[in-house]
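What follows is the residue order along each chain.
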Amino acid sequence: MSTAIPTIEEFVRSDYKYGFVSNIDTETLPPGLNEDIIRAISAKKNEPEFMLNWRLRAYRHWLTMTEPRWPKVTYPRVDYQSIIYYAAPKKKPQLGSLDEVDPELRRTFEKLGISLDEQKRLAGVAVDAVVDSVSVATTFQKDLEKHGIIFCSFSEAVQKHPDLVEKYLGSVVPHTDNFFAALNSAVFSDGSFCYVPKGVRCPMELSTYFRINTANTGQFERTLIIADEGSYVSYLEGCTAPMRDENQLHAAVVELVALDNAEIKYSTVQNWYPGDKEGRGGIYNFVTKRGIAKGRRSKISWTQVETGSAITWKYPSCILVGEESVGEFYSVALTNNYQQADTGTKMVHIGRNTRSTIVSKGISAGHGQNSYRGLVQIRPSAAGARNFSQCDSLLIGDKCGAHTFPYIEVKNDTAQLEHEATTSKIGEDQIFYCNQRGISKQDAVNMIVNGFCKEVFRELPMEFAVEAQKLLGVSLEGSVG
Amino acid sequence: MQPILEIRNLQAGVEGRHILKGISLTIQPGEIHAVMGPNGSGKSTLAAVLAGREGYDIVSGEVRYLGQDLLELDPEERARAGLFLAFQYPVEIPGVNSTYFLKAALNEIRKHRGLSEMDAIEFLGFVKDKIKLLELNEDLLKRPVNVGFSGGEKKRNEIFQMAVLEPRLAVLDETDSGLDIDALRVVSNGVNKLRSPQNAALVITHYQRLLNYIVPDFVHVLMDGRIVRSGGKELALELEERGYDWIAREQRLAA
Ligand SMILES: Nc1ncnc2c1ncn2[C@@H]1O[C@H](COP(=O)(O)OP(=O)(O)OP(=O)(O)O)[C@@H](O)[C@H]1O
Ligand SMILES: [Mg+2]
């Protein structure tokens, strides 16, 4: 944490600094949604028959569904016929090497602090870069191949590994799961795919960086990660979008599968454009993330730092099927100005002696509304299951709100559950005490907030923990008078 | 020589209450001033106004600190300029590590003084002697700021922070309250170590006993928002013996 203070200071002077639009030559399909659009997306991607059929099934099911209204968030209805469902940077050749990436795109990512240049990139992190609807570059693929690890865009996986895709796609989040998952299944255009073979410990962090660039588009990506027996992978996703007055929809699906003794660690630093100080614009982030700990002693761990988006609605979940499998959820969700977040997790205990841990830290400032919604479900088969949940809320100012909705369903008497919850407020006394020691208001708030989030930051890969701290600093800019 | 602090006819209040009713006080470098007075007379209010706490209204008067207008500065600017307040009730800050907090504070002050920032290793070396001086349990510094500290530990921690930050002017608000005899000696030691021809201190206390350890150059009696009497260290002994009533009576007689 030693560098946090000066860096945050630099950051607090800037507003959302990822809000620029790049001038990238883009190919789009007309707005609106119907079977022709879905066929067109599938054709553009040269997909095998099973994919098109899968999409159409999802679309037909979606037509029968209505948008959920139950999360504690409010927003005007989305007009699904005005959204562009496919936008792709034009110069998308079959990239022989990373050198062929469109220079404007490359500059875009440089500006975001993501180098697509393998030499310059932090050693030990491979990146899949997704702009609007498609993946534009994946780094370190060759190195990973040596270990038998497949890390590529979803489109590439559909072409090169259709058997794996067909086997696992929708196996964790079926297209019938919910409104946004159904929509995603029908129209998703790209995303990341990863397969780690038996017994392999992935030697570097894998990451996907999502960028929405084109106006009026929705981003619907899909991520599928499979960790075969005894393997390990740590995966990180980041995202940003330009500042625009209208709202844009992001409806992603992430599926994780961990087989016997495998472990998947999935971290998110979510920084979509949150809208301006009056609450205009911003991304609607409606995401379904779920992992199945299928094998014995397998483990799925979600860590998320949610600072962006006008509205966030997501509940990364773990289905604990394998005996002694483990699920974890570590979350920091911050809402400032008029942001709303309704987030949490579901831990579904099915196997014997399954264990889960939930640590949720909600921070509300300005008029922000922050809800934790979590379900711990112990099925009859889950003898000896254990859960520990801790939900803490921190309020900055008196116009914001924090809400906690813990749901517990226990169908096996041998289960043990613990739940702790606290709400605290950053007090004027605390700020003044810091001021009196020479520390500015903003730094004082950052310090207290970072302290509050420590248990979650600890779970993030090192360099991203620093990034996350900076982000909180920026997001809280102006939250104290 | 330029005074460290010059308060001229300061009147101030909070939430519509008029509390300080015309205070004048000049502190020269090297001096220690004690302020005594009954409960509710305005001692902590004076400290809060000097430190720049929000919510206080300055009705009239002027405060100059090292030649600049103190009341114009933000609280953090005052702190960086070397004004330190040891709180009557130190504040707990959960989640913020004590060492980290103090290092951040020190570096703000060093930046202001044009010195380079200290990294964690330099800092630990720098504070080592001061920890010893205040006979502080090092484990405290690994804990969040003041969280779960005993009353005495909190007070000792204030003086430890003071020793690290090396202020030009230290305002100690009842730092002796709640200290046992040994702690009183240790804390006084800390304050005396800071004593130098360049620095000064304003020591608020109820007990003459502290002034046996920290020997003041001047003693002021604050009653109902005014300094009603000033004198040398003997005044504290007289107060100890006779209480405040006789001063109040003399005041009434004079009026
Ligand atoms: N925020 C406030 N709102 C209203 N009244 C206040 C406030 N702060 C202080 N006062 C009042 O102002 C008067 C002076 O308070 P102050 O804390 O300065 O006294 P003190 O001399 O430090 O007393 P003590 O010896 O008990 O510490 C008291 O009557 C107190 O109740
Ligand atoms: Mg007081």
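Criteria and thresholds
Residues numbered from 1 in each chain as written. Chains lettered and ligands numbered in written order. Predicted model: local features only at pLDDT ≥ 70, side-chain atom pairs only at ≥ 80, totals over all residues. Heavy atoms only, no water. Helix = DSSP H or I, 4+ residues; strand = E, 2+ residues; numbered from the N terminus. Rg over C-alpha atoms; globule rule 2.2 N^0.38 Å. Buried < 20%, exposed > 50% of the residue type's maximum accessible area, 1.4 Å probe, protein only. Contact = heavy atoms within 4.5 Å. Core = buried A, V, L, I, M, F, W, Y, C linked by side-chain atoms within 4.5 Å. Salt bridge = Lys/Arg side-chain N within 4 Å of Asp/Glu carboxyl O. Expected span 1.5 Å × (residues − 1). Bend = angle between axes of the 7 residues up to and from the residue. Phe/Tyr/Trp six-rings, centres within 6.5 Å; stacked < 30°, edge-to-face > 60°. Lys NZ or Arg CZ within 6 Å of the ring centre and 35° of its normal. Near = heavy atom within 4 Å. Polar contact = N/O pair within 3.5 Å; in protein donor to acceptor, adjacent residues only side chain to side chain. Areas by Shrake-Rupley, 256 points an atom, 1.4 Å probe, with all protein chains shown as cover. Nonpolar A, V, L, I, M, F, W, Y, C, P; charged D, E, K, R; others polar. Buried area = accessible area lost by both parts, 1.4 Å probe. Donors = N, O, S within 2.8 Å, 3.2 Å for Na, K, Ca; no water. Pairing = 2+ DSSP bridges. Axes fitted to C-alpha atoms, helices over the stretch in contact; angles between N-to-C directions.

A. Quick look at the overall build of chain B. Helices and strands together make up the secondary structure of chain B, namely nine helices and 12 strands. Here the C-alpha radius of gyration of chain B, 18 Å, is about what a compact globule of 255 residues would show, namely 18 Å. For the C-alpha atoms alone, the extent of chain B along its principal axes is close to 60 × 40 × 35 Å. Buried residues in chain B amount to 54% of all 255 residues. Here the contacts in chain B between residues at least 6 apart in sequence split such that 71% fall between residues at least 24 apart.

B. Broad picture of the nonpolar core. All names here are of chain A. With 102 residues, the main nonpolar core has Ile363 and Val449 as its most contacted residues. Among the elements that take part in this core, helix 10 (residues 441–457) stands out by supplying nine residues, more than any other. One finds Leu52, Leu164, Leu183 and Ala310 within the second-largest nonpolar core, a separate group that totals 55 residues.

C. Broad picture of the pattern of salt bridges. For the coordinates displayed, the defined rule picks out 32 salt bridges over all chains. Two residues, Lys289 of chain A and Glu237 of chain A, come together in a salt bridge whose shortest N-O distance is 2.3 Å. With a gap of 52 residues between them, Lys289 of chain A in strand 13 (residues 282–293) and Glu237 of chain A in strand 9 (residues 232–240) connect regions that are remote in the sequence. For the pair shown, Lys289 of chain A and Glu237 of chain A are each scored as buried. The salt bridge involving Glu108 of chain B is made with Lys111 of chain B; its shortest N-O contact spans 3.7 Å. Of this pair, Glu108 of chain B and Lys111 of chain B both sit in helix 3 (residues 98–112), three residues apart, roughly one helical turn. A network of salt bridges, in which partner residues are shared, links Glu6, Arg8, Glu62 and Arg64 of chain B.

D. Layout of helix 10 of chain A. All names here are of chain A. Between the first and last C-alpha of helix 10 there are 22 Å, a value that for 17 residues agrees with the 24 Å anticipated at 1.5 Å per step. Its maximal kink placed at Gly451, helix 10 deviates by approximately 40°. Along helix 10, 15 of the 17 residues are buried, which leaves the element largely enclosed by surrounding structure.

E. Representation of the packing of aromatic side chains in the model. Per the stated rule, a full pass over the model turns up 19 aromatic pairs over all chains. When the centroid spacing of 6.5 Å and the interplanar angle of 80° are considered together, the rings of Trp54 of chain A and Phe188 of chain A count as edge-to-face. On the criterion of sequence distance, the pair formed by Trp54 of chain A in helix 3 (residues 49–63) and Phe188 of chain A in the loop between helix 8 (179–187) and strand 6 (192–196) is long-range, its members being 134 residues apart. Summarising the burial analysis for this pair, Trp54 of chain A and Phe188 of chain A share the class buried. Relative to Phe286 of chain A, the ring of Phe180 of chain A lies with its centre 4.6 Å away and its plane at 40°, an arrangement referred to as tilted. Of this pair, Phe180 of chain A sits in helix 8 while Phe286 of chain A sits in strand 13, and the two are 106 residues apart along the sequence. Residue Phe180 of chain A is classed as buried on the basis of its relative accessible area of 2%. For Phe286 of chain A, a relative accessible area of 1% translates into the label buried. One aromatic cluster is present, formed by Tyr59, Trp62, Tyr80, Phe179, Phe180, Tyr284, Phe286, Trp313 and Tyr315 of chain A through successive ring pairs. Lying across the ring of Phe452 of chain A, Lys361 of chain A places its NZ or CZ 5.0 Å from the centre. In this arrangement the basic side chain of Arg242 of chain B is found over the ring face of Trp246 of chain B, its NZ or CZ atom lying 4.1 Å from the centre.

F. How the structure looks around the site of ligand 1. Residue and element names in this part refer to chain B. In the region of ligand 1, 15 residues are neighbours, and Gly40, Lys43, Ser44, Thr45 and His206 sit closest. Here an oxygen atom of ligand 1 sits 2.8 Å away from a polar atom, N or O, in the main chain of Ser44. His206 places a side-chain nitrogen or oxygen 2.9 Å from an oxygen atom of ligand 1. Protein burial of ligand 1: of its 640 Å² of free accessible surface, 69% is covered by the chains. Contributions of two or more residues to the shell around ligand 1 are made by strand 2 (17–27) and helix 1 (43–51). Top element by residues in the shell around ligand 1 is helix 1. It accounts for three residues. Of the residues assigned to the shell around ligand 1, the class counts are three nonpolar, eight polar and four charged.

G. Fine view of the interface of chain B and chain A. Contacts between the two partners involve 32 residues from chain B and, on the opposite side, 22 residues from chain A. Both sides together, the interface formed by chain B and chain A hides about 2,300 Å², and carbon and sulfur atoms give 61% of it. At the junction of chain B with chain A, the criterion picks out three salt bridges. If you list the elements that add at least two residues to the side of chain B that touches chain A, you get helix 2 (75–80), strand 6 (83–86), strand 7 (93–97), helix 3 and helix 5 (151–165) of chain B. At eight residues, helix 3 of chain B tops the list of elements feeding residues into the side of chain B that touches chain A.

H. Main features of the coordination of the magnesium ion (ligand 2). Residue and element names in this part refer to chain B. Within the protein, the magnesium ion (ligand 2) binds to Ser44 (OG) and Gln88 (OE1); these donor distances fall in the range 2.0 to 2.3 Å. Placement of the pair is Ser44 in helix 1 and Gln88 in the loop between strand 6 and strand 7, with a sequence separation of 44 residues. On the basis of relative accessibility, which here comes to 30%, the residue Ser44 falls in the partly exposed class.

I. Examining helix 3 of chain A more closely. Here helix 3 of chain A is 15 residues long and its end C-alpha atoms lie 21 Å apart, about the 21 Å a rise of 1.5 Å per residue gives. Regarding helix 3 of chain A, the residues found buried are Phe50, Met51, Leu52, Trp54, Arg55, Leu56, Ala58, Tyr59 and Trp62 of chain A.

J. The pairing of strand 8 (residues 222–227) of chain A, seen in detail. All names here are of chain A. For strand 8, a buried count of six out of six residues is recorded, marking the element as mostly surrounded by other parts of the structure. The alternating pattern of strand 8 places Arg222, Leu224 and Ile226 and Thr223, Ile225 and Ala227 on opposite faces, both of which are buried. Where strand 6 and strand 8 come together, four bridges link them in parallel fashion. Bridged to Val196 within strand 8 is Ala227. Here strand 8 runs beside strand 11 (residues 253–258); their pairing, made up of six bridges, is parallel. Of the residues in strand 11, the one forming a bridge with Ala227 is Ala258.

K. Layout of the side chain of Lys289 of chain A. All names here are of chain A. Residue class for Lys289 comes out buried when judged on its relative accessible area of 3%. Of the polar contacts made by the side chain of Lys289, one reaches the side chain of Glu237; its length is 2.3 Å. A polar side-chain atom of Lys289 sits 3.1 Å from a polar atom in the side chain of Thr268.

L. Summary view of the side chain of Gln390 of chain A. All names here are of chain A. You can see Gln390 is positioned in strand 21 (residues 386–396). On the basis of relative accessibility, which here comes to 12%, the residue Gln390 falls in the buried class. Separated by 2.7 Å, the side chains of Gln390 and Asp392 make a polar contact. Residues contacting Gln390, with those up to four places away along its chain left out, are Ile358, Val359, Ser360, Lys361, Glu420 and Glu455.

M. Broad picture of the sheet that holds strand 4 (residues 56–65) of chain B. All names here are of chain B. If you trace the four strands from one edge of the open sheet to the other, you get 2-1-4-5, paired in antiparallel fashion. For this open sheet the edge positions go to strand 2 and strand 5 (68–69), each flanked by a neighbour on one side alone. Bridging between strand 4 and strand 5 involves two bridges; their strand directions are antiparallel. The residue bridging Arg64 from the neighbouring strand is Asp69, located in strand 5. Sheet strands touched by helix 1: strand 1 (5–14), strand 2 and strand 4. Its angle to strand 1, the strand with the most contacts, is close to 110°.

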